[in-house]
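Structural overview for review
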Amino acid sequence: MPNSDLLVASTVDASTLTGDRIVATAAVVVALAGAIIGGLALGRPTSRSGRRRSAVALIAGVTGVLVGVLVVATADGGPGTGNGIVGGYAALLLGLLATLLGGLAFARTRRTA
């Protein structure tokens with residue numbers, strides 16, 4: 001089989017949902033939610049739910065980072081191959097942001113309590 005056939009066979013259409021893309025997209029959604037909740041917790045640290053929000057942001061951020069690392073580590077190819085590599089990197093970055101915001105908010109709620 002020529003190399004050009006291998007390259008064509010390894011790519012999928014941009015609108016095709018593969019299992020890896022679904023996992024990466026779910027990780028991005030969880031990490032983005034964690035970043036939003038972490039920002040809210042950091043913005044209002046004295047509210048009664050500040051500690052709970054910061055804990056949720058930390059858990060969502062760590063989950064996004066772990067799943068993002070798993071997707072990136074197991075991807076066979078680059079963008080456009082259906083392996084979810086772009087979503088994996090997005091989940092990794094947003095998960096780090098959510099973890100940072102949640103950690104800062106958690107530290108602030110511990111100081112004010």
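For the structure, check the block above.
Below, the structure is looked at part by part. (Residues numbered from 1 in each chain as written. Predicted model: local features only at pLDDT ≥ 70, side-chain atom pairs only at ≥ 80, totals over all residues. Heavy atoms only, no water.)

With that settled, consider the overall build of the protein chain. Within the protein chain, the regular secondary structure consists of four helices and zero strands. Each helix and strand of the protein chain, ordered N terminal to C terminal, gives the series α-α-α-α. Per-residue burial for the protein chain yields a buried fraction of 31% across its 113 residues. For the protein chain, the share of sequence-separated contacts (at least 6 apart) that also reach a separation of at least 24 residues comes to 71%. (Helix = DSSP H or I, 4+ residues; strand = E, 2+ residues; numbered from the N terminus. Buried < 20%, exposed > 50% of the residue type's maximum accessible area, 1.4 Å probe, protein only. Contact = heavy atoms within 4.5 Å.)

Three- or four-residue spacings in an α-helix give side chains the same orientation, since the helix completes a turn every 3.6 residues. Counted at 1.5 Å a residue, the expected span for helix α3 (residues 50-74) with its 25 residues is 36 Å, and the 36 Å between its end C-alpha atoms agrees. Among all positions in α3, only G50, S54, A57, A60, G61, G64, V65, G68 and V71 are buried. (Expected span 1.5 Å × (residues − 1).)

Moving on: the side chain of T18. Along the chain, the position of T18 falls in the loop between α1 (3-10) and α2 (19-43). Owing to a relative accessible area of 19%, T18 belongs among the buried residues under this scheme. In contact with T18, not counting residues within four places along its chain, are V12 and G82.

Turning our eyes to something else, we now look at a nonpolar patch on the surface. On the surface, L32, I36 and L40 cluster together into a nonpolar patch covering about 260 Å² of accessible area. Note that L40 resides in helix α2. Classification of L40 as partly exposed rests on a relative accessible area of 42%. (Patch = residues over 30% accessible without salt bridge, like charges linked within 9 Å, V, L, I, M, F, W, Y side chains within 5 Å. Areas by Shrake-Rupley, 256 points an atom, 1.4 Å probe, with all protein chains shown as cover. Salt bridge = Lys/Arg side-chain N within 4 Å of Asp/Glu carboxyl O.)

Let us look at α2. Compared with the 36 Å implied by 1.5 Å per residue over 25 residues, the 36 Å span of α2 between its first and last C-alpha is a close match. Listing the buried residues of α2 in full gives R21, A24, A27, V28, A31, G34, A35, G38, A41 and L42.

What follows concerns the packing of α2 against α3. Viewed as axis vectors pointing N to C, α2 and α3 meet at an angle of 150 degrees, and their least axial separation amounts to 8 Å. Classified by the interaxial angle, the pair formed by α2 and α3 is roughly antiparallel. The crossing of α2 and α3 is left-handed. Residues V23, A24, A27, V30, A31, G34, I37, G38, L40 and A41 of α2 lie in contact with α3, whose contacting residues are G50, R53, S54, V56, A57, A60, T63, G64, V67 and V71. (Axes fitted to C-alpha atoms, helices over the stretch in contact; angles between N-to-C directions. Parallel < 35°, antiparallel > 145°, perpendicular 65-115°, else oblique. Left-handed = near helix turned anticlockwise from the far one by under 90°.)

This brings us to the side chain of N83. Structurally, N83 can be placed in the loop between α3 and α4 (85-112). For N83, a relative accessible area of 12% corresponds to the buried category.

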